[in-house]
Amino acid sequence: MSNAHYCDALSKGRGVFVAVGFNVLIWHVVIRYFQARFFYIDILGSLACLADSVDQQVEEEPEEEPEEPAEEEDADEPEEILEEEDKETVSVTGTTELNFETTPNRFVFHIWAVDTEEGSDLQKLTVILTDVDEPPIFLDEESILYVLEKTPPKEIYTPSVADPEDKPLTFKLVPPIPGFEVDGNSGALFTTKEFNYQTDPRSFAFNLSVSDGNNTVSKTLLVNIMNINDDKPQFLNKITSFTVREEMSPGGVVTNITAVVPETSSYTGFIFYTIKSANSYLVINRCLVTIASKMDRDSSPLRENPMFSVAVTATFSPSGPPLFNTITLEITVEDINDNPPICFPGAQRVEILETEPVRALITTVTCTDNDVDPAFTDYQITGLSCQGCDRLFALDPPGSNRIVLTGDLDFEGPANLFGRREYSLTVVAEDKDDPTLKGSAYVYVTVSPVNEFPPVFNPPSYFYRISELLGCGAVIGAVKATDADLPPTDVQYSIISGGGGVYSNIFFLDPKLGSISLLSRPDYETTQTYILIIRATDGDPTGPRFATATVTINVTEANDEPPLCGPNKTNLVVPKDLRTGSIVQGFQLSCNDLDSPPSSFIYSISGASNLNNHFVFSPSSGTNLTKLILREPFDFESGLDRVWFYCLTVLISDGNLRAGELKVKDPIQTGTVIINIQVVDPYLTTVITTATPRVTYIALTENSFSMDDWYVWFFVALGAMLLLGILGYLLYHCCRWLSTLDCSCCQCQPTPVEDTEAL
């Protein structure tokens, strides 16, 4: 068992001492083996405990009141005097020093003594530290201070001092120096006067001592007096007003600035120059003031005020705050003749009519010279040029700014065969003092056509014949109108009247091509003739002209109406023994046709519905009235007839060629009538009735599940969120349970509790 483990066993109380006793017994057997009668004290573990207590602060007992020594049980028993070899000493070991302020002040050790006769005893040893008075300590490292000359008296330094025993401290200067004093309680250092760098010492050295009543320490301070620069640079320039011509190139020199430091100054250094102005015309490079950007006398702000000022600052930079001085320069910008005449508007567009008369004023051009000096503003207009139109425009009078028309611009005129609509004119103005300075103005003349002529139809009226069998979209014909105006424009066509009938308008007129087509079929029986009034309008957007033409459309008759017969969908009852040739329940069919006579009707019954040909119409053609006759008798007994209900489909056509009214090329129209016939047995007491038809609805169920349905992804997302919520809830409670455990860096151990009861 190691010393550390042995020390821990001693500190854990009554139960732990069993292990300690076992260890002592082992040592006891060994000692008895080598010594017959030797008194042994197991002090090694206790010594190790003392060293470990100093290093690790294993066990500390609260300070207790000293107890009175217990009376001896047997006063008559003589004290046992221990021999020198039976004594052991307790010493301090380890690398950590004992400190009253930072380490435990009380240590308790248990000493187990065993003799050679198997006798033993346990004794408690208490070690108490005694406080030693220690000197104060300076915590800051600052020892060099700086004070500007001519600074009013103030606090310049406060030391940071600590005393281990927290005793009151007192401060003082050693030796006392005039101009400085210290606060005896806080140690703050103050200046008591304004120092002069030229007359006073430039540095002071002294000791700042601090005492806690018993111990005194000191710290050396060095105070340096810093110089304040008081001598400003002085300018040598006597001329501060300058005249500069406009448009000078950047880099041109304006003047040279010179500043010096007074000879009485003891400073050394360099002088730097800076320039400050409301504009960016000038710049200073070392001591030369030069042009930074071109100055234009003819534009704002120099046009209103050609003078401006700049401030040049000379800065001297010795050891300390910089010294500076400023001089103001007045600059006047001189005008030169550098601007050509400017004509305005520089480019303009003029619109005139093709009927404009000769000598009419087209426009005027105004030119000016932007130079400020009146001597540079005179100009003259030297000419007018036009490519291919010199005879159409001119300056009137010559040299003036008035442009007039001198030719004919009519598009339909013989002199303007190409119909030109735009002309480009150039007006040139020159400076009288400098002919190289020229200005130009551009005039773009646009000739607008005038709507002089209306459209003309050729021919003025149109005649068309159509069949009533023509359907929607059929083209009947076209109208055409022309316009003599140039340049040519598109003519638009529209129907202003006509084309009525059962519809509001059955004709469509193409607005660009003038073609006439049908929107619906014409009906001869309703209207035989249509008269359309068509208007042609030219393309002038402001004042269009128009003309009208008449279109007559005659509709020819055709066989396009089917016969209409009645009654339709009639229910009849026929006895099975009805005599052949009899009229079925007195049924008579009446027909009518809008475009065919009654003599053209033909009656027939569809064979599929007339099983065994029992029924026929008489007469079968040539009349608009006919009757339903039983042609063949019923034979249910032999099994020839088995159907008791008939749904006859009657076909009525107007194609009777023997009538002589129908043309072979006309189509045949057919009408339809439905007759329901129920055959009954008159000798039966039970009347056969027709069951009412019923509709049976069948509901089909189909599994329409699909992964693309919205509810699939909805429930998947909902389940995922619920699962994450449950996991988060479990993780939260697990963390709360772990937080209740008292764990060290290595393993969880219960906090040891000192057992004060002796074994």
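Residues numbered from 1 in each chain as written. Predicted model: local features only at pLDDT ≥ 70, side-chain atom pairs only at ≥ 80, totals over all residues. Heavy atoms only, no water.

### Notes on the overall build of the chain
And then number 1: Across its full length, the chain carries four helices and 47 strands.
And then number 2: Considering the chain as a whole, with its 759 residues, one finds that 35% of them fall into the buried category.
And then number 3: Considering only intrachain contacts with a sequence separation of at least 6, the fraction spanning at least 24 residues in the chain is 67%.
And then number 4: Entry remark: accessible area of the chain is about 47100 Å², with carbon and sulfur atoms responsible for 55%. (Helix = DSSP H or I, 4+ residues; strand = E, 2+ residues; numbered from the N terminus. Buried < 20%, exposed > 50% of the residue type's maximum accessible area, 1.4 Å probe, protein only. Contact = heavy atoms within 4.5 Å. Areas by Shrake-Rupley, 256 points an atom, 1.4 Å probe, with all protein chains shown as cover.)

### Topic: the sheet that holds strand β46 (residues 645-653)
And then number 1: Here four strands make up an open sheet; going across it, the order is β41-β47-β46-β43 and the pairing mixed. Edge strands, defined here as strands with exactly one partner in the open sheet, are β41 (570-575) and β43 (602-605). Ignoring strand direction, the axes of neighbouring strands in this sheet form an average angle of 30°.
And then number 2: Note that β43 and β46 share four bridges and pair antiparallel. Paired with serine 604 across the two strands is leucine 651, which belongs to β46. (Pairing = 2+ DSSP bridges. Axes fitted to C-alpha atoms, helices over the stretch in contact; angles between N-to-C directions.)

### Remarks on the environment of aspartate 131
And then number 1: For aspartate 131, the position within the fold is in the loop between β3 (120-128) and β4 (137-138).
And then number 2: A residue is classified by how much of its surface remains accessible, and aspartate 131, at 34% relative accessible area, is partly exposed.
And then number 3: Sequence-wise, aspartate 131 and phenylalanine 100 are 31 residues apart; in three dimensions their C-alpha atoms are separated by 5.6 Å.
And then number 4: Apart from residues no more than four positions distant in its own chain, aspartate 131 is found in contact with Phe100, Glu101 and Glu165.

### Section: the pairing of strand β30 (residues 438-448)
And then number 1: Two strands pair when backbone bridges link them, and strand β23 (residues 347-353) and β30 are joined in this way by seven bridges, in the parallel orientation. Across the sheet, the residue bridging to alanine 347 is tyrosine 442, located in β30.
And then number 2: In the sheet, strand β29 (residues 422-431) pairs with β30 via nine bridges, with the strands oriented antiparallel. Residue pairing across strands places leucine 425 opposite valine 443, the latter belonging to β30.
And then number 3: Joining the antiparallel neighbours β29 and β30 is a turn of six residues.

### Details of the state of the cysteines
And then number 1: Considering all chains together, one arrives at two disulfides under this definition.
And then number 2: The disulfide partner of cysteine 343 is cysteine 367, and the S-S distance across this bridge is 1.9 Å. Classification of the bridge connecting cysteine 343 and cysteine 367 rests on its S-S torsion, roughly 95°, and on that basis the disulfide is right-handed. One end of the pair, cysteine 343, is in strand β22 (residues 341-344); the other, cysteine 367, is in strand β25 (residues 366-369), with 24 residues separating them in the sequence.
And then number 3: Put simply, cysteine 565 and cysteine 591 are joined by a disulfide, and their sulfur atoms are 2.0 Å apart. (Disulfide = S-S within 2.5 Å.)

### As for the side chain of aspartate 140
And then number 1: In this fold, aspartate 140 is placed in the loop between β4 and β5 (144-148).
And then number 2: When its relative accessible area of 19% is taken as the criterion, aspartate 140 is described as buried.
And then number 3: Of the polar contacts made by the side chain of aspartate 140, one reaches the side chain of tyrosine 157; its length is 2.5 Å.
And then number 4: A polar contact of 3.2 Å, which involves the side chain of aspartate 140, links it to the side chain of lysine 219.
And then number 5: When near neighbours in sequence (up to four residues on either side) are disregarded, aspartate 140 contacts Tyr157, Thr158, Pro159, Ser160 and Lys219. (Polar contact = N/O pair within 3.5 Å; in protein donor to acceptor, adjacent residues only side chain to side chain.)

### Section: a nonpolar patch on the surface
And then number 1: Residues Trp710, Phe714, Phe715, Leu718, Met721 and Leu722 make up a contiguous nonpolar surface patch of about 720 Å² in total accessible area.
And then number 2: The topology assignment puts phenylalanine 714 in helix α4 (residues 710-739).
And then number 3: What makes phenylalanine 714 partly exposed here is its relative accessible area of 45%. (Patch = residues over 30% accessible without salt bridge, like charges linked within 9 Å, V, L, I, M, F, W, Y side chains within 5 Å. Salt bridge = Lys/Arg side-chain N within 4 Å of Asp/Glu carboxyl O.)

### As for the sheet that holds strand β17 (residues 271-277)
And then number 1: Read across the sheet, four strands follow the order β14-β21-β20-β17 without closing on themselves; strand pairing throughout is mixed. Both edges of this open sheet fall to β14 (241-245) and β17, since each of them pairs with a single strand only. Averaged over all pairs of adjacent strands, the angle between their axes in this sheet comes to 30°, without regard to strand direction.
And then number 2: Pairing of strand β20 (residues 307-316) with strand β21 (residues 323-334) involves ten bridges; the strand directions are antiparallel. Paired with methionine 307 across the strands is threonine 332, a residue of β21.

### Regarding the environment of tyrosine 603
And then number 1: Here tyrosine 603 is to be found in strand β43.
And then number 2: Judged by relative accessible area, tyrosine 603 falls into the buried class, the value being 5%.
And then number 3: Distance from tyrosine 603 to asparagine 624, taken between C-alpha atoms, is 9.7 Å for residues 21 residues apart in sequence.
And then number 4: Excluding its chain neighbours within four sequence positions, the residues that come into contact with tyrosine 603 are Leu589, Cys591, Phe617, Pro619, Ser620, Ser621, Thr623, Asn624, Leu625, Thr626, Leu651 and Ile652.
And then number 5: Within the structure, tyrosine 603 has its side chain in polar contact with the backbone oxygen of threonine 623 (distance 2.6 Å).

### Digging into a negative patch on the surface
And then number 1: Judged by side-chain charge, Glu101, Asp131, Glu134 and Asp166 come together as a negatively charged surface patch.
And then number 2: With respect to the helices and strands, glutamate 134 occurs in the loop between β3 and β4. (Lys, Arg positive; Asp, Glu negative; His and termini not counted. Charge placed at Lys NZ, Arg CZ, Asp CG, Glu CD.)

### Observations concerning the pairing of β20
And then number 1: Most of β20 sits out of view: seven of its ten residues are buried.
And then number 2: Two elements, β17 and β20, share seven bridges in a ladder whose sense is antiparallel. Of the residues in β20, the one forming a bridge with tyrosine 273 is alanine 314.

### Concerning unusual backbone geometry
Of all residues except glycine, most have a negative phi; of all peptide bonds, most are trans.
And then number 1: The omega angle of the peptide bond from serine 300 to proline 301 is 10°, so this bond is cis rather than trans.
And then number 2: The residue proline 301 is located in the loop between β19 (288-291) and β20 in this model.
And then number 3: The omega torsion of the bond from serine 618 to proline 619 falls at -5°, within 30 degrees of zero and hence cis.
And then number 4: Considering the arrangement of structural elements, one finds proline 619 in the loop between β44 (615-618) and β45 (625-630).
And then number 5: The phi dihedral of aspartate 166 falls on the positive side, at around 55°, and the residue is not glycine.
And then number 6: Relative to the helices and strands, aspartate 166 resides in the loop between β7 (161-162) and β8 (170-174).
And then number 7: A positive phi angle, near 50°, is found at asparagine 613, a position not held by glycine.
And then number 8: Locating asparagine 613 in the fold gives a position in the loop between β43 and β44.
And then number 9: Given a relative accessible area of 43%, asparagine 613 falls into the partly exposed group.

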